[in-house]
Every structure is written in C-alpha cells, then in structure tokens.
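# Coordinate inspection notes
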Amino acid sequence: MGDARAGRGTAPSGPRRVALRWADALAGGELRRLVDQRVEAALDARDRAPGPAAAPAPAPPAPAPRRGTRESLDAHAARPWLATGASVPTRVQSPELRALRRAHPYTGPVLVQAGGGRPVWMWFDEDDLVAAVSFWFGPNAYESLSTAVFSTLARTAATVLDVGAHTGIFSLVAGAAAPDVAVHAFEVVERIARRTRTNVRLSGLTDRVHVHAVGVSSEPGVMTLHHNDAVPLATGSSFERFADRGAARGAATSQVEVTTLDAWWAAEGRPRVGLMKIDVERHESHVLAGGRAFLDAERPALLAEVLSRDDFATLYRLLGERGYTRAWHVDDDAVRAYPVAPDLTYATSAPYAYAKYHNVLFVAERDAATVEEGFAGLGAVAEAPVG
C-alpha cells in the first residue's frame, strides 16, 4: 500500500491519468482540480480498505450504489424519462425520480441542446436544477422553445445580455450560436457564478461568454439579497422578499454589489446589444428602471420570465414606454408561441390567462418580422392556447 501511495505522488496512472487528460481538454485547471480531488478520494478509500487477511467489516444495511458502478452506469443509460427533443414539465422532484437519483447519483458533464444549435455542456453533481432536467429528461428538455429561439436570435446579435443567469444555460446557448458574439452573464450569487464559469470553460466558450458576479437594479450600490443556503445552487434568489421563501429552511440574506444596465453599458463603451434575457424573480421593473438610456438606444429583443398576470402587464407597460410594441407568450411545455397584444389579448381576441410561470419575448416593431420567422422556423407559431 505504501508503494502505491508514493507512486501517485510522482506520476498519475490508470483512471486518474485518463480523468486528468479529459478534464484538461474540456475545462482546464478548475475542473481538473475537481476531478483530481474526487479521484484522489476514491483511491485513498481503496487504499484504506482491509486486505484479504483482515476480518471483513460488517456491511451497512442496504447501501446505495456508489457513483460509477456498473449498476449506476446501466441506470443512467436506461433513463426512463428521456424526452424526444421537446420540453417536459419539470418533474425532477417526482417520487420516482427522487428515488432513482438517491440510488444512482450522477456526477459529470451534461449535454445541453437548444433546438438545432451547437450543443453545450454543464457540470452536474446532483445539485443544479437546469442540469438535472437536461440529464434526466434529455438535451432539449429544459425550456426548449425559449432556449431555441434565444439561440436563433443570438446568431445575429453582436452582444447578448443575460441578467439573472443562474448556472448559465441561456448564456451558453447564445455563446454557442455564433463565433463572434459577446455574451455577458450577470449572476449575483458568487457560488452560482463560479459554477457558471465552470460551465463556460467546459463548453469551450471563455472567449465569448463573460460572467459578472454582480446584481442589476435601478441604482448602483449595495443591496440585500434574499437567498437560500440549504441548496447550494438554488434558483429563486431575489432582491424582493417573498414570505414563503423567507420562512423556508436555509433562508438567508446577504449584502451584495449591484450595478445598472445604463452604468454597465456606458462603462463598456455602449456596445450594440441585440438580445437580452431577464430572470430576477419580480425585480424586473427595477432592472428596466436602471436601463432607460440603454433600452431607448438599443431596444434588444428581450426574453423575461413572468410569475403572474400582473407581472406580464407591468412589463408590457414599462417596455411600451421604451418602444416595445410586440410580445409573445412562450409556452415551453406545448412548444408554442402566442402573440399577445398590449391589452393582454391573443390574436383570437381571447384574454390572456396566467396558468403557470413562463417566458415572454418582447420586441420593438422593427424586429417583429425576424421573431415571427424564428418561431415559424421552429414550428412554434399558434394564435392562442387551446382550451
């Protein structure tokens, strides 16, 4: 045992060497260290195991299979919920899948696809909702229409902004869409921003995607962020206070740095921005308030998440003041896009009715034809939801 330990200190061998080469090729030093630590721990555990002459230790009752066992590899290969290129409702917390994830956890890269665009990679250690959906349900399973149209529009955008990037799926698909696009991802939670950077490196997009661990609001300075420390990569962090989230286990607050769209845009030399995403948990109106000059000058196509009918109405009104005249309700589950007028009616004159959180794509009139062609190319055009 002592000789084997000494050998590891001089030259990597076997699985460790293969793993290090794979990590170096895909993501460089950060992921290399992660893989190295995991392989070292596994080898140390093996070396500590009793030899043939030692009395066997009593086995723990019904242990869960370890990562990397043949049983787990077979379970991952036979994932029963793999999608067929379309979104599925987010069911990663279903009892069946929770049981499978406990028995056969996965650590490693996850392939993420957006329509027919170039695939990207996200690192997964059973800790990220977006990567979990992509791994267990298929490459196109996470907000498939939203990511596909975002990828399509990014092909002709010089600069793309992703405000509230989380682990970066929209930044990644935009960065993969064109060789000369510049993507700026804003993720205020530092530990999540670190994972976003890992995903950027894993996807080979460090020359195009730039991650900023800073918030965006109506004024630059320092603000109180409400987040949850019980889940390291939790979604839902916000500058707004939600009573139910504040009462949840792990609820916490932090003082964080924020900037404004106008301040960032001016400091960057007023780049041409053609596309933008905002997902900041009901802080969107403050983001828009801090970007009036930027929006008046650029009017990028803007994808935003809405959590209620009032959110939709407020965003439409505020963006209307900045020259946005068209909007589409993006239904990722149905893979359909429904045009919505400023009075929140569909093309059939039926009133918009909020059913669950979803994305809305807002554009100025000059970009309406391009967006319509994009949705048509994805086979997603419809006048109104059925039923």
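Above: the structure in question.
Criteria and cut-off values
- Residues numbered from 1 in each chain as written.
- Predicted model: local features only at pLDDT ≥ 70, side-chain atom pairs only at ≥ 80, totals over all residues.
- Heavy atoms only, no water.
- Helix = DSSP H or I, 4+ residues; strand = E, 2+ residues; numbered from the N terminus.
- Buried < 20%, exposed > 50% of the residue type's maximum accessible area, 1.4 Å probe, protein only.
- Contact = heavy atoms within 4.5 Å.
- Areas by Shrake-Rupley, 256 points an atom, 1.4 Å probe, with all protein chains shown as cover.
- Pairing = 2+ DSSP bridges.
- Axes fitted to C-alpha atoms, helices over the stretch in contact; angles between N-to-C directions.
- Parallel < 35°, antiparallel > 145°, perpendicular 65-115°, else oblique.
- Left-handed = near helix turned anticlockwise from the far one by under 90°.
- Nonpolar A, V, L, I, M, F, W, Y, C, P; charged D, E, K, R; others polar.
- Core = buried A, V, L, I, M, F, W, Y, C linked by side-chain atoms within 4.5 Å.
- Phe/Tyr/Trp six-rings, centres within 6.5 Å; stacked < 30°, edge-to-face > 60°.
- Salt bridge = Lys/Arg side-chain N within 4 Å of Asp/Glu carboxyl O.
- Expected span 1.5 Å × (residues − 1).
- Right-handed = clockwise from strand over helix to strand, strands pointing away.

## Some points on the overall build of the protein chain
Check the secondary structure of the protein chain and you find 15 helices and 13 strands. Split into buried and exposed, the 387 residues of the protein chain put 48% on the buried side. Once local pairs closer than 6 in sequence are excluded, the contacts in the protein chain between residues at least 24 apart make up 71%. Total accessible area computed for the protein chain in this model is approximately 18,100 Å², and 54% of it derives from carbon and sulfur atoms.

## Side note on the sheet that holds strand β6 (residues 215-216)
If you walk across this open sheet you meet the three strands as β6-β8-β7, and the pairing is mixed. Each edge of the sheet is formed by a strand with only one pairing partner; in this case those strands are β6 and β7 (221-228). Here β6 pairs with strand β8 (residues 251-259) via two bridges, running parallel. Its bridge partner lying in β8, V216 is registered against T259.

## A word on the sheet that holds strand β9 (residues 273-278)
Taken together, the eight strands give an open sheet; going across it, the order is β5-β4-β3-β9-β10-β13-β11-β12, and neighbouring strands pair in mixed fashion. Unpaired on one side and paired on the other, β5 (209-212) and β12 (336-340) mark the two borders of the sheet. Going across the sheet, the axis of each strand differs from the next one's by a mean of 20°, ignoring polarity. Here five bridges tie strand β10 (residues 301-306) to strand β13 (residues 358-364), and the two strands are oriented antiparallel to one another. Note that in β13 the partner of A304 across the bridge is V360. Helix-sheet contacts for helix α15 (residues 368-377) involve β11 (324-331), β12 and β13, and the interaxial angle to β11 is about 15°.

## Some remarks on the packing of helix α7 (residues 144-154) against α15
Viewed as axis vectors pointing N to C, α7 and α15 meet at an angle of 130°, and their least axial separation amounts to 10 Å. When the axes of α7 and α15 are compared, the pair comes out oblique. The crossing of α7 and α15 is right-handed. In this structure, α7 uses L145, V149, T152 and L153 to contact α15, whose residues at the interface are T370, V371, G374 and F375. Residues belonging to the contact of α7 with α15 are distributed by class as follows: five nonpolar, three polar and no charged.

## Focus on the nonpolar core
One finds V160, L361 and F375 to be the most contacted residues of the largest nonpolar core, which totals 56 residues. With seven residues, helix α6 (residues 129-137) is the single largest residue contributor to this core. Aside from chain neighbours lying at most four places away, what touches L361 is L153, A301, L302, L303, R326, A327, W328, V330, V371 and F375. By size, the runner-up hydrophobic cluster in this structure holds 35 residues, among which are V216, M276, L302 and A327.

## Quick word on the packing of aromatic side chains
Each aromatic ring pair is specified by the distance between its two centres and by the angle formed by the two planes. One pass over the structure, following the stated rule, counts 14 aromatic pairs. Relative to W136, the ring of F135 lies with its centre 4.9 Å away and its plane at 85°, an arrangement referred to as edge-to-face. You'll find F135 and W136 in the same group, each marked buried. When the centroid spacing of 6.1 Å and the interplanar angle of 45° are considered together, the rings of W328 and F375 count as tilted.

## As for the pattern of salt bridges
The full count for this structure, using the stated rule, is 16 salt bridges. Here D207 and R208 are joined by a salt bridge, their closest N and O atoms 3.8 Å apart. R208 gets classed as buried once you look at its relative accessible area, which sits at 13%. The partner of D333 in a salt bridge is K356, with the nearest N and O atoms 3.1 Å apart. One end of the pair, D333, is in the loop between β11 and β12; the other, K356, is in the loop between β12 and β13, with 23 residues separating them in the sequence.

## Section: helix α14 (residues 309-320)
Counted at 1.5 Å a residue, the expected span for α14 with its twelve residues is 16 Å, and the 16 Å between its end C-alpha atoms agrees. Every buried residue of α14 is listed here: D311, F312, L315, Y316, L318 and L319. Tucked inside the fold, the buried residues of α14 contact α12 (284-289), β10, β11, β12 and β13.

## With respect to the pairing of strand β4 (residues 182-186)
Within β4, four of the five residues are buried, which leaves it mostly tucked inside the rest of the structure. Direction of pairing for strand β3 (residues 159-163) relative to β4: parallel, over a ladder of five bridges. The residue of β4 that forms the bridge with L161 is H184. Remark: the β3/helix α8 (residues 169-175)/β4 crossover connection has right-handed handedness. Two strands pair when backbone bridges link them, and β4 and β5 are joined in this way by four bridges, in the parallel orientation. Each residue of the ladder has a partner; that of H184, found in β5, is H210.

## Let's talk about the packing of helix α5 (residues 95-103) against α6
Helix-helix packing is characterised by the crossing angle of the two axes and by the distance between the axes. Axis separation between α5 and α6 bottoms out at 13 Å; the angle between their running directions is 95°. With respect to α6, the element α5 is oriented roughly perpendicular. Where α5 abuts α6, its residues L97, L100 and R101 lie against A132, W136 and F137. Residues that form the contact of α5 with α6 fall into these classes: five nonpolar, no polar and one charged.

## Section: the pairing of β10
β10 sits mainly inside the fold: six of its six residues count as buried. Residues A301, L303 and E305 of β10 are buried on one face, and the alternating residues L302, A304 and V306, pointing to the opposite face, are buried as well.

Without other data, these values stay purely geometric and don't point to any function.
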